[in-house]
Amino acid sequence: MALAETQLYAKVANKHRSQSTSALLESLLTKGFPAHIAQKALVATGQKTIEDAAKWLHSHCNDPSLDDPIPQEYALYLCPTGHLLSRLQEFWKESKRQCGKNRAHEVFPHVTLCDFFTCEDQKVELLYDTLKRVGDSFAQCFPPSISLTLHASPSYLGFFIDDSHATVLKDLALAFSSEASALADCHVKPCLKQFHLTLAHKFYPHHQKTLEQLAKCINPGEPCQWVAALYSRDMRFVNYQRLRALFQYKPQNIDELMINAGDFIYVDPTRQCDVSEGWVIGTSHRTGCRGFLPENYTEKAHESDTWVKHREYVFVTASRSSPETERESNAKLNGDAHNPSVSRSVTNVLSLQLSRNTALRRGVLVMRHGERVDQVFGKSWLQQCLTAGGKYYRADLNFPSALPKRKDGMKQFENDPPLSCCGLFQSRLIGEALLDQEVMVSYVYSSPALRCIQTAQHVLQGLKLNQKVKIRVEPGLFEWTRWEASKVIPNFMTVAELAEASYNIDINYRGTFPLSSLVPSESYEDYVSRSSAVIKQIITACPSKGKGVILIVGHGSSLASVTRPLIGLPNRDSSAFAQMVRKIPSLGMCFCEELKEENKWQMVNPPVKTLTHGANAAFNWRNAIVED
């Protein structure tokens, strides 16, 4: 156990424990559960029903922290509902699509009344009582509508609450914190600074204009009922990443984690350095158990996805705007008058823009190569496939049926390995999926690595374009040479050898970076500079007329090093970059589209879904079936 956690447990364990007479707790005690564990289950499920608490206890039967006395953290938020919430959610969705995720996406729309504080499990009911009493006392003076004014800065965008209404909210927060601190013996700190509802936070400055345009489509005068809600979170995982399981995974080894689709996983980003490629180690929110799991079975989740709502107080305002007032309100946008007939939601504005501009947009699809043969059979794969006379044979059905001829001998395949048979199939499957989505690929660029050229060839076969679109071999797309295990630049097959082996190569293309310019163990700065120069040259070389897609087949590192300069994002530091690349699976891809009218590119969802599959170990029938 980490020192900080040990100290935290010791601190809360020495506090006086009072007895609760909750009916829910009594029901669990009669079933034989210890009081402290029963209270933990009730708090973890929001003290709603016996069924929820019993289900939690069953799921956490193997939780090693079940007896630990660490409490939850609680926060009091004022949350919008109704039409205003719908508009805010539209903004959340479209801002993420256009500008990527920022800190505001981690939590639902809210105004913070009291930030997170700890409270012992047996005293949480006192917080519920406090919320009810304070809510009742402010019900009559709570404003019928709250005035919101848009505020923007290079790193923040949100609505500020006007002073007259902020005063009421400040008094509400003070009343709750004062009474909760006294009754529940906890330190509750009210928010007394500028009350605000955040729209975007810690975004890149060049996204500010786009975010402001989206925010101006929100009418802050939309009908809204405000709710004061009490939420809790597990304080042990505050600084952890959260993943959502997309598929069920059944452990193959004792140190692996059982997950079901929809499970949330806490992952400590500082403890992933020694984990095998494609895996993470995390703790299940559902079971409390810890272990390894395949990262491509998950997607990133939001911080608030694992929070628990305990109680809420709905402020039912006595008066509502008349239809005429609502129409006037809808005709205003952050203080500016507009014609009601052209007032549109975020979604409507964007759909109109998309219908006008989609036909004019180019796209860049950057893809990692398929499964390479040494990824399955190890670095000594070639020795497994050579006879005593040095001839290649297929030792396993996942080995290539044959290797292309090259003048410098088969040994060069050790540093320039081909795809496995599954890798060829994966690539063709992606091509077929792109064809189903009617993706029109006009240009194809590939790293000189054989695995990348084979991937491009089979993607084109799936697209039925292998006789129409030629592959441009671009040495500048090769991966960061510092990662080459041999510490030398591989001897790649020549364009003539590739053409002779029936690869559809553009023999007239001359790369931006000649092979001779690649140097072993280049610096990170040199690598990202090379990648930035290559993508600029590719964009320049491909005519912008029409809406064709430029397909770039490279390495895991290409997905970031090629796209980030294209969409105007700065480079990550080398350690964060390396950690990111480890997570990119075979045929991982990302897609950028051109906003020509704004002279920029944006990253959007790829046109096809990801390709996920499990491992299939070698099988020896004699050892498994015959021999004892």
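So, how was this worked out
Residues numbered from 1 in each chain as written. Predicted model: local features only at pLDDT ≥ 70, side-chain atom pairs only at ≥ 80, totals over all residues. Heavy atoms only, no water. Helix = DSSP H or I, 4+ residues; strand = E, 2+ residues; numbered from the N terminus. Buried < 20%, exposed > 50% of the residue type's maximum accessible area, 1.4 Å probe, protein only. Contact = heavy atoms within 4.5 Å. Areas by Shrake-Rupley, 256 points an atom, 1.4 Å probe, with all protein chains shown as cover. Pairing = 2+ DSSP bridges. Axes fitted to C-alpha atoms, helices over the stretch in contact; angles between N-to-C directions. Disulfide = S-S within 2.5 Å. Arc of directions from axis to C-beta. Parallel < 35°, antiparallel > 145°, perpendicular 65-115°, else oblique. Left-handed = near helix turned anticlockwise from the far one by under 90°. Nonpolar A, V, L, I, M, F, W, Y, C, P; charged D, E, K, R; others polar. Salt bridge = Lys/Arg side-chain N within 4 Å of Asp/Glu carboxyl O.

Draft legend 1. Inspection of the overall build of the protein chain at higher detail. Along the backbone of the protein chain there are 19 helices and 20 strands. Within the protein chain, the proportion of its 628 residues that are buried is 49%. Residue pairs in contact within the protein chain that sit at least 24 positions apart in sequence constitute 76% of those at least 6 positions apart. By element, 52% of the accessible surface of the protein chain is carried by carbon and sulfur atoms, the whole surface being about 31100 Å².

Draft legend 2. Region of interest: the sheet that holds strand S4 (residues 156-161). Ordered in space as S3-S4-S5, the three strands form an open sheet in which the pairing is antiparallel. Every interior strand has two partners, whereas the edge strands, strand S3 (148-153) and strand S5 (196-201), have only one. Along the sheet, successive strands turn relative to each other by an average axial angle of 20°, direction set aside. Direction of pairing for S3 relative to S4: antiparallel, over a ladder of six bridges. Considered in S4, the bridge of histidine 151 is made with glycine 158. Across the sheet, helix H5 (residues 82-99) lies against S3, S4 and S5, angled at about 20° from S5, the strand it touches most.

Draft legend 3. Highlighting the sheet that holds strand S20 (residues 600-604). If you walk across this open sheet you meet the six strands as S17-S16-S18-S15-S19-S20, and the pairing is mixed. At either end of the open sheet lies a strand with only one pairing partner, and these are strand S17 (471-473) and S20. Across this sheet, the average inter-strand angle for adjacent strands is 25°, counted without regard to direction. Judged from the five bridges that link them, strand S16 (residues 441-446) and strand S18 (residues 549-554) form a sheet pairing that is parallel. If you follow tyrosine 443 over to S18, its bridge partner there is isoleucine 550.

Draft legend 4. Region of interest: the state of the cysteines. As enumerated under the stated definition, the model contains zero disulfides in all. This cysteine, cysteine 114, is not joined by any disulfide, and cysteine 191 carries the nearest cysteine sulfur, 8.3 Å off. Cysteine 186 carries a free sulfur, and the closest cysteine sulfur to it, the one in cysteine 119, is 4.4 Å from it.

Draft legend 5. The arrangement of helix H8 (residues 208-215) in detail. If you check which residues of H8 are buried, you get Gln208, Thr210, Leu211, Leu214 and Ala215. The buried residues of H8 occupy one face: seen down the axis, they fall within an arc of 165°.

Draft legend 6. Structural view of the pairing of S4. Counting buried residues along S4, five of its six residues qualify, which places the element largely inside the surrounding structure. Taken together, S3 and the strand that follows it, S4, pair antiparallel across an intervening segment of two residues. Here five bridges tie S4 to S5, and the two strands are oriented antiparallel to one another. Directly across from phenylalanine 160, in S5, lies its bridge partner histidine 196.

Draft legend 7. Fine view of the packing of helix H12 (residues 421-436) against helix H13 (residues 450-463). For the pair H12 and H13, interaxial distance at closest approach is 6 Å and the crossing angle is 40°. Here H12 is positioned oblique relative to H13, judged by the angle of their axes. For the crossing formed where H12 meets H13, the hand is right-handed. Taking contact as the criterion, the partners of Leu424, Ser427, Arg428, Gly431, Glu432, Leu434 and Leu435 in H12 are, on H13, Gln454, Thr455, His458, Val459, Gln461, Gly462 and Leu463. Tallied by class, the residues present in the contact of H12 with H13 amount to five nonpolar, seven polar and two charged.

Draft legend 8. Fine view of the pattern of salt bridges. Throughout the structure, instances matching the rule amount to 28 salt bridges. A salt bridge links lysine 132 to aspartate 136; its shortest N-O distance comes to 2.6 Å. On the criterion of helical spacing, the pair formed by lysine 132 and aspartate 136 is a turn pair, its members being four residues apart in helix H6 (residues 124-138). Given a relative accessible area of 46%, lysine 132 falls into the partly exposed group. A salt bridge links glutamate 594 to arginine 362; the nearest nitrogen and oxygen atoms lie 3.0 Å apart. With a gap of 232 residues between them, glutamate 594 in strand S19 (residues 589-595) and arginine 362 in the loop between helix H10 (346-357) and strand S15 (363-368) connect regions that are remote in the sequence. Considered together, glutamate 594 and arginine 362 belong to a single accessibility category, that of buried residues. Shared partners join several salt bridges into a network, and the residues in it are Glu73, Arg103, Arg233 and Glu303.

Draft legend 9. Examining the environment of alanine 395 more closely. Within the secondary structure layout, alanine 395 lies in the loop between helix H11 (373-377) and H12. Through-space distance from the C-alpha of alanine 395 to that of glutamine 384 is 6.7 Å; in sequence the pair is eleven residues apart. Not counting residues up to four positions away in its chain, the partners in contact with alanine 395 are Gln384 and Cys385.

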